[in-house]
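Here's the letter readout for the chains.
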Amino acid sequence: MNARTIATTRPDDWDQHWGEFTASAEQGPAHEMRRRWLLDSLAISDEGQTARVLELGSGTGEFAEALLTRHPRVRFQGLELSAVGVGIASRRVPAALFFQQDLLQSPSHPEASTFNATHAVCSEVLEHIDNPVQLLVNARQYMAPGCRLVITVPGGPMSAFDRHIGHRRHFTTRSLQDQLQQAGFRVEETIGIGFPFFNLYRLTIIWRGQRLAHDIQGTPSNFVRLGMNLFRTLFRFNTRHRGWQITAIAIAP
């Protein structure tokens, strides 16, 4: 695919997205940073046998794989809009259940809606949604009362690549808190993690602009991998405040 074709690709085509950008997304330092934060923030006990973990927007199953490696007794269910994503995830993590589901619509799989999750994650999803509150309200149907929900969304300026993959908005800690409260969740904390090096990483993406879509299509080049490794090292020195990675922990009613 040439650069002109990439520039005119329709945003929100998640079947195409997971086919083109999976390798770079999963190897990216920001993805790794978010994964560590999500795993720690779920606060699942070492045994984990009573935990039922729901992922809203489960992609290709990368988080499910990491979670079940750490907590092999956990029951896991992923909900994903893309059929391609569900197929990849199901092959990748056969111990988990994945369903294709538009979370802006009523549940279409009765077995999925009776899962009663005790823990849930929603990472880099709400920025793609015109009505995040509706998605969060619908997601409550899959959760038990008191379910612990951990969320990540992007903050800071929006790049050309963000728009290319369908970002409608970026968040602040206050705006994410407002969305969660409107959906009926009790918010325990909202913080912006990743200062200063995640912010610098984001500025690099903004500088690269639309060319980034071509850079990370398919297998990352040696140049891209070098940049990823550099930021992966720098991210060890990030702080938990003033970063452009917006995070929240909330409790379902």
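In case you missed it, the structure is sitting above this.
Residues numbered from 1 in each chain as written. Predicted model: local features only at pLDDT ≥ 70, side-chain atom pairs only at ≥ 80, totals over all residues. Heavy atoms only, no water.

J.: Residues and numbers for the sheet that holds strand β5 (residues 143-154), please.
T.: The sheet built from 7 strands is open, its strands ordered β3-β2-β1-β4-β5-β7-β6 with mixed pairing. A single partner strand is all that each edge strand has here, and the edge strands are β3 (97-100) and β6 (186-193). Neighbour to neighbour, the strand axes of the sheet diverge by 15 degrees on average, direction disregarded. In terms of strand pairing, strand β1 (residues 52-56) meets strand β2 (residues 75-80) through 5 bridges, oriented parallel. Within β2, the residue paired with glutamate 55 across the bridge is glycine 78. (Pairing = 2+ DSSP bridges. Helix = DSSP H or I, 4+ residues; strand = E, 2+ residues; numbered from the N terminus. Axes fitted to C-alpha atoms, helices over the stretch in contact; angles between N-to-C directions.)

J.: Give me helix α5 (residues 83-92): which residues, what numbers.
T.: For α5, the set of buried residues is Gly85, Val86 and Ala89. Taken around the axis of α5, the buried residues stretch over an arc of 95 degrees, which confines them to a single face. Regarding α5, its N-cap is serine 82, as a side-chain oxygen of that residue lies 3.1 Å from the backbone nitrogen of valine 84 further along. (Buried < 20%, exposed > 50% of the residue type's maximum accessible area, 1.4 Å probe, protein only. Arc of directions from axis to C-beta. Polar contact = N/O pair within 3.5 Å; in protein donor to acceptor, adjacent residues only side chain to side chain.)

J.: Which residues make up the nonpolar core, and what values go with them?
T.: If you look at soluble globular proteins, the nonpolar side chains tend to sit buried side by side. Core analysis: the largest hydrophobic core is formed by 33 residues, its most contacted members being Met143, Ile151 and Leu180. When residues of this core are traced back to their parent elements, those giving at least two are β1, β4 (117-123), α7 (132-139), β5, α9 (173-182) and β7 (245-251). With 5 residues, β5 is the largest single contributor of residues to this core. If we ignore the near neighbours within four places in the chain, the residues touching methionine 143 are Leu54, Leu56, Asn116, Ala117, Ala120, Leu149, Phe185 and Ala252. Of all hydrophobic cores here, the second largest spans 31 residues; its members include Leu39, Phe63, Val86 and Val150. (Core = buried A, V, L, I, M, F, W, Y, C linked by side-chain atoms within 4.5 Å. Contact = heavy atoms within 4.5 Å.)

J.: An account of the packing of α7 against α9 is needed here, citing residue identities and associated values.
T.: Between α7 and α9, whose axes approach to 8 Å, the crossing angle comes to 45 degrees. In terms of their interaxial angle, α7 and α9 are classed as oblique. Relative to α9, the crossing made by α7 is right-handed. Between α7 and α9, the residues in contact are Pro132, Val133 and Leu136 and Gln179, Leu180 and Gln182, respectively. Across the contact of α7 with α9, the residue classes break down as 4 nonpolar, 2 polar and no charged. (Parallel < 35°, antiparallel > 145°, perpendicular 65-115°, else oblique. Left-handed = near helix turned anticlockwise from the far one by under 90°. Nonpolar A, V, L, I, M, F, W, Y, C, P; charged D, E, K, R; others polar.)

J.: If you had to explain the environment of isoleucine 151 to someone new, which residues and values would you point to?
T.: Turning to its location among the elements, isoleucine 151 is positioned in strand β5. Looking at isoleucine 151, the relative accessible area reads 1%, which means it is buried. The spatial distance from the C-alpha of isoleucine 151 to the C-alpha of leucine 180 is 10.0 Å, given a sequence separation of 29 residues. Filtering out sequence-adjacent residues up to four positions away, isoleucine 151 remains in contact with Trp37, Cys122, Leu126, Leu136, Leu176, Leu180, Ile246, Thr247 and Ala248.

J.: Just give me the short version of the side chain of serine 41, but keep the residues and values in it.
T.: Inspection of the secondary structure assignment puts serine 41 in helix α3 (residues 29-42). Side-chain polar atoms of serine 41 contact the backbone oxygen of tryptophan 37, separated by 2.8 Å. If we skip the residues at most four places from it in the chain, serine 41 touches Arg148, Val150 and Ile249.

J.: Which residues make up the pairing of β4, and what values do they have?
T.: Across the 7 residues that make up β4, a large majority, 6, are buried. Both β4 and β5 contribute to a ladder of 6 bridges, which runs parallel. Note that in β5 the partner of serine 123 across the bridge is threonine 152.

J.: Kindly report on the packing of aromatic side chains, identifying the contributing residues and their values.
T.: Applying the stated rule across the entire model yields 6 aromatic pairs. Seen from their ring centres, tyrosine 201 and phenylalanine 231 are 5.2 Å apart, and the 75 degrees between their planes marks the pair as edge-to-face. Taken as a pair, tyrosine 201 in helix α10 (residues 197-208) and phenylalanine 231 in helix α12 (residues 222-234) lie far apart in primary sequence, 30 residues in all. Residue tyrosine 201 is classed as buried on the basis of its relative accessible area, which comes to 16%. Note on phenylalanine 231: relative accessible area 11%, which makes it buried. Ring geometry for phenylalanine 231 against phenylalanine 235: centres 6.1 Å apart, planes inclined by 55 degrees, an arrangement best described as tilted. Following the ring pairs from residue to residue traces out a cluster consisting of Phe198, Tyr201, Phe231 and Phe235. (Phe/Tyr/Trp six-rings, centres within 6.5 Å; stacked < 30°, edge-to-face > 60°.)

Read these as spatial facts, not as claims about activity.
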